[in-house]
Amino acid sequence: MRLVFIGAPGAGKGTQAKRLAAEKGYPIVATGDLLRAAIAEQTPLGQQAHAYIQRGELVPDPLVNQLVAERIATLESFILDGYPRNLTQAQMLETILPQPLSAVVYFEISEDALIARLGGRRICPQCGAVFHITANPSTAGDRCDQCGATLITREDDQPDTIRKRFSVYREQTAPLVDYYRQRGLLRTVNADAPPDAVYQQLLSVLCEST
Ligand code: AP5
């Protein structure tokens, strides 16, 4: 399946993408993760992207489009998490897709719930596992229960940056919901629900898309 996951920052796209990938074997192309890895490795892309991410702004389209085009060129199935994020990227995606999209899953959630999610998120800088201090804590305390590294807070999970990311989402990404609805591709899940319930909804909407 060729899937796009869209939703506000903290809606649970990454959490559900990892679970679906683990069960079905679909490769994940998560632009946020790829950009953070590029920053950690201090590649030219990472050096260009870093300031945008710190400010909670979108990284310029040409950089992200190229990153995605290189990754999906040879994939028959994938989960695109965090891309496209504006109309220009959505139009670009249509030109680089090897085959049409199967579905676009929209993780619908209220902004109030998101503040608590992002404030309590902890990530593993080594293996990329994602936790939450109350909703999904690591069984190893402040260490990753998968690889043992010390968990960190993402640098863009600070209150001012979170506010900026919400406003970027409302202005640039939210219009994609109608864009994909008009194309008959949109499948909506209630992302306010607990993780297992969201996952069951996800499986159910994907069944309708096969
Ligand atoms: P990115 O990494 O894509 O961030 P985002 O879209 O803001 O999404 P998040 O990763 O914050 O949230 P998520 O929906 O994956 O939630 P998660 O599963 O972690 O992008 C970061 C930056 O990179 C952007 O700001 C931009 O600068 C740049 N960028 C990326 N893509 C780009 C693009 N295409 N173009 C330009 N720039 C781009 O869950 C959040 C927390 O909630 C976790 O703690 C989790 O454990 C918990 N949780 C998850 N589900 C539940 C649940 N059901 N109930 C309770 N808690 C839950």
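Here the structure is shown first, and the text comes after it.
Keep in mind that what you see is a predicted model, and the values were worked out from it rather than measured.

Procedures and definitions
Residues numbered from 1 in each chain as written. Predicted model: local features only at pLDDT ≥ 70, side-chain atom pairs only at ≥ 80, totals over all residues. Heavy atoms only, no water. Helix = DSSP H or I, 4+ residues; strand = E, 2+ residues; numbered from the N terminus. Expected span 1.5 Å × (residues − 1). Buried < 20%, exposed > 50% of the residue type's maximum accessible area, 1.4 Å probe, protein only. Contact = heavy atoms within 4.5 Å. Near = heavy atom within 4 Å. Polar contact = N/O pair within 3.5 Å; in protein donor to acceptor, adjacent residues only side chain to side chain. Areas by Shrake-Rupley, 256 points an atom, 1.4 Å probe, with all protein chains shown as cover. Nonpolar A, V, L, I, M, F, W, Y, C, P; charged D, E, K, R; others polar. Pairing = 2+ DSSP bridges. Axes fitted to C-alpha atoms, helices over the stretch in contact; angles between N-to-C directions. Core = buried A, V, L, I, M, F, W, Y, C linked by side-chain atoms within 4.5 Å. Phe/Tyr/Trp six-rings, centres within 6.5 Å; stacked < 30°, edge-to-face > 60°. Lys NZ or Arg CZ within 6 Å of the ring centre and 35° of its normal. Disulfide = S-S within 2.5 Å.

1. Quick notes on helix α4 (residues 61-72)
Turning to step 1, where the next piece is worked out: In this model, α4 (12 residues) spans 16 Å end to end at C-alpha, consistent with the 16 Å of a helix rising 1.5 Å per residue.
Turning to step 2, where the next piece is worked out: For α4, every residue scored as buried is listed here: Asp61, Leu63, Val64, Asn65, Leu67, Val68 and Ile72.
Turning to step 3, where the next piece is worked out: At its buried positions, α4 is contacted by β2 (28-30), α2 (31-40), α3 (44-55), β3 (78-81) and α5 (87-96).

2. Observations regarding the site of the ligand
Turning to step 1, where the next piece is worked out: The immediate surroundings of the ligand are formed by 36 residues, with Thr15, Glu57, Arg85, Arg121 and Arg165 found nearest.
Turning to step 2, where the next piece is worked out: Contact between the ligand and Gly14: an oxygen atom at 2.9 Å from a main-chain N or O atom of the residue.
Turning to step 3, where the next piece is worked out: Expressed as a share of its isolated accessible area of 1000 Å², the protein-covered part of the ligand is 95%.
Turning to step 4, where the next piece is worked out: Looking at the shell around the ligand, the elements with two or more residues in it are α1 (13-24), α2, α6 (111-119), β6 (130-132) and α9 (195-207).
Turning to step 5, where the next piece is worked out: Of the residues forming the shell around the ligand, the biggest block, 4 residues, is contributed by α2.
Turning to step 6, where the next piece is worked out: When grouped by side-chain class, the residues that make up the shell around the ligand number 17 nonpolar, 10 polar and 9 charged.

3. Regarding the environment of Gly32
Turning to step 1, where the next piece is worked out: Here Gly32 is to be found in helix α2.
Turning to step 2, where the next piece is worked out: Judged by its relative accessible area of 22%, Gly32 is partly exposed.

4. Some thoughts on the sheet that holds β2
Turning to step 1, where the next piece is worked out: Read across the open sheet, the 5 strands follow the order β2-β3-β1-β4-β7; overall the sheet is parallel. With one partner strand each, in any of the chains shown, β2 and β7 (186-190) form the two edges of the open sheet. When the angles between neighbouring strand axes are averaged without regard to direction, this sheet yields 20°.
Turning to step 2, where the next piece is worked out: Pairing geometry for strand β1 (residues 2-7) and β3, over 4 bridges, is parallel. Paired with Phe5 across the two strands is Asp81, which belongs to β3.
Turning to step 3, where the next piece is worked out: Set on the sheet, α1 makes contact with β1, β2, β3 and β4 (103-108); between it and β1 the angle comes to about 155°.

5. Some points on the nonpolar core
Turning to step 1, where the next piece is worked out: With 60 residues, the main nonpolar core has Leu20, Leu93 and Tyr180 as its most contacted residues.
Turning to step 2, where the next piece is worked out: Formed by 6 residues, the second largest nonpolar core is a distinct cluster that contains Cys124, Ala129, Phe131 and Cys144.

6. A word on the environment of Gly7
Turning to step 1, where the next piece is worked out: By the element assignment, Gly7 lies in strand β1.
Turning to step 2, where the next piece is worked out: The exposure class assigned to Gly7 is buried, which follows from its relative accessible area of 8%.
Turning to step 3, where the next piece is worked out: For the pair formed by Gly7 and Gly82, sequence separation is 75 residues and the distance between their alpha carbons is 8.2 Å.
Turning to step 4, where the next piece is worked out: Sequence-distant contacts of Gly7, defined by excluding residues within four places in its chain, comprise Lys13, Tyr106, Phe107 and Tyr169.

7. With respect to the packing of aromatic side chains
Turning to step 1, where the next piece is worked out: Tallied over the full model, the rule gives 2 aromatic pairs.
Turning to step 2, where the next piece is worked out: With 5.0 Å between their ring centres and 85° between their planes, Tyr179 and Tyr180 make a pair best called edge-to-face. Accessibility assignment for this pair places Tyr179 and Tyr180 in one class, buried.
Turning to step 3, where the next piece is worked out: For Arg55, the ring lying beneath its charged end belongs to Tyr52, and the centroid distance is 5.2 Å.
Turning to step 4, where the next piece is worked out: Across from the ring centre of Tyr179, 3.6 Å away, lies the NZ or CZ of Arg183, which sits over that ring.

8. Thoughts on the state of the cysteines
Turning to step 1, where the next piece is worked out: Counted under the stated rule, the structure contains 0 disulfides.
Turning to step 2, where the next piece is worked out: In this structure Cys127 is not part of a disulfide, and its nearest cysteine sulfur, from Cys124, lies 3.7 Å away.
Turning to step 3, where the next piece is worked out: Cysteine Cys144 is unpaired, with the sulfur of Cys127 as its nearest cysteine sulfur at 3.7 Å.
Turning to step 4, where the next piece is worked out: The buried category is assigned to Cys144, whose relative accessible area is 3%.

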